[in-house]
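# Understanding the architecture of this molecule
Spelled out from the first residue to the last, the chains are:
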Amino acid sequence: MNGCIVIGGKAHPLHFTVNHLCIMEEAMGQPLSSLMNGGITGLRAFLWCGLMGEGLSREDVGEMIQAYCAEGGSLKELSALLAEALQDAGFFHLPAQEKKENPTV
């Protein structure tokens with residue numbers, strides 16, 4: 001597990017793997033780098049990827065994002081949560097300078 005998102009009182013563990021990221025790229029027809037700057041579509045794709053083990057469709061995940069926002073969450077918070085989960089999974093690391101400035105990272 002690389003993090004968790006709570007929607008509708010239910011915790012949904014996020015799990016990012018190389019295979020899940022590849023499936024996401026193939027399904028979206030875009031490389032990871034493009035999806036990272038893909039606005040709400042990219043955000044939905046990353047959440048779908050993290051929840052792939054739950055067997056949800058992209059449309060299901062879109063509904064979850066809608067519910068998350070209706071419950072007081074924001075797209076900015078969701079983006080930060082997903083970025084942290086991807087870091088926890090080992091896919092992205094802070095540059096060495098940032099690590100030195102913030103030794104708790």
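Residues numbered from 1 in each chain as written. Predicted model: local features only at pLDDT ≥ 70, side-chain atom pairs only at ≥ 80, totals over all residues. Heavy atoms only, no water.

Looking now at the overall build of the protein chain. The helix and strand inventory of the protein chain stands at 6 helices and 2 strands. Order of helices (α) and strands (β) in the protein chain, N terminus to C terminus: β-β-α-α-α-α-α-α. Scored against the burial criterion, the 105 residues of the protein chain give a buried share of 29%. Once local pairs closer than 6 in sequence are excluded, the contacts in the protein chain between residues at least 24 apart make up 54%. Summed over its atoms, the accessible surface of the protein chain is roughly 6,200 Å², and 54% of this surface lies on carbon and sulfur atoms. (Helix = DSSP H or I, 4+ residues; strand = E, 2+ residues; numbered from the N terminus. Buried < 20%, exposed > 50% of the residue type's maximum accessible area, 1.4 Å probe, protein only. Contact = heavy atoms within 4.5 Å. Areas by Shrake-Rupley, 256 points an atom, 1.4 Å probe, with all protein chains shown as cover.)

For the rest of this paragraph, the subject is the pairing of strand β1 (residues 4-7). Only one face of β1 is covered, namely the face carrying Ile5 and Ile7; the face carrying Cys4 and Val6 is uncovered. Strand direction decides the pairing type here: β1 and strand β2 (residues 10-13), joined by 4 bridges, are antiparallel. Opposite Cys4, over in β2, you have Pro13 as the bridge partner. (Pairing = 2+ DSSP bridges.)

Turning our attention to the nonpolar core. Leu14, Phe16, Met24, Leu47, Leu78 and Leu82 are the most contacted members of the largest nonpolar core, which totals 24 residues. Contributions of two or more residues to this core are made by β1, α1 (18-28), α3 (39-50), α4 (58-70) and α5 (75-88). The greatest single-element share of this core, amounting to 6 residues, is contributed by α3. If we ignore the near neighbours within four places in the chain, the residues touching Phe16 are Asn2, Leu21, Phe46, Cys49, Gly50, Leu82, Ala85, Leu86, Ala89 and Phe91. (Core = buried A, V, L, I, M, F, W, Y, C linked by side-chain atoms within 4.5 Å.)

Considering all chains together, one arrives at 0 aromatic pairs under this definition. Positioned above the aromatic ring of Trp48, the side-chain terminus of Arg58 is 5.4 Å from the ring centre. (Phe/Tyr/Trp six-rings, centres within 6.5 Å; stacked < 30°, edge-to-face > 60°. Lys NZ or Arg CZ within 6 Å of the ring centre and 35° of its normal.)

Another point: the packing of α4 against α5. Taken N-terminus to C-terminus, the directions of α4 and α5 make an angle of 120 degrees; their axes are 10 Å apart at the nearest point. Compared by their axis directions, α4 and α5 come out oblique. Note on element contacts: α5 touches α4 through Leu75, Glu77 and Leu78, opposite Ile65, Tyr68 and Cys69. Looking at side-chain class alone, the contact of α4 with α5 contains 5 nonpolar, no polar and 1 charged residues. (Axes fitted to C-alpha atoms, helices over the stretch in contact; angles between N-to-C directions. Parallel < 35°, antiparallel > 145°, perpendicular 65-115°, else oblique. Nonpolar A, V, L, I, M, F, W, Y, C, P; charged D, E, K, R; others polar.)

Each α-helix turn comprises 3.6 residues. Residues three or four places apart therefore point the same way. Taking 1.5 Å as the rise per residue, α5 with 14 residues should run 20 Å; its terminal C-alpha atoms sit 20 Å apart, in good agreement. Buried within α5 are the following residues: Leu78, Leu82, Ala85 and Leu86. The arc that holds the buried residues of α5, viewed along the axis, is 100 degrees, so those residues lie on one side. Exposed and oriented more than 90 degrees from the buried face of α5 are Lys76 and Asp88. Where α5 is buried, its residues contact β1, α1, α3 and α4. (Expected span 1.5 Å × (residues − 1). Arc of directions from axis to C-beta.)

The next subject is the side chain of His12. Considering the arrangement of structural elements, one finds His12 in strand β2. Separated by 3.1 Å, the side chains of His12 and Glu54 make a polar contact. (Polar contact = N/O pair within 3.5 Å; in protein donor to acceptor, adjacent residues only side chain to side chain.)

Shape is all these values report; function is a separate question.
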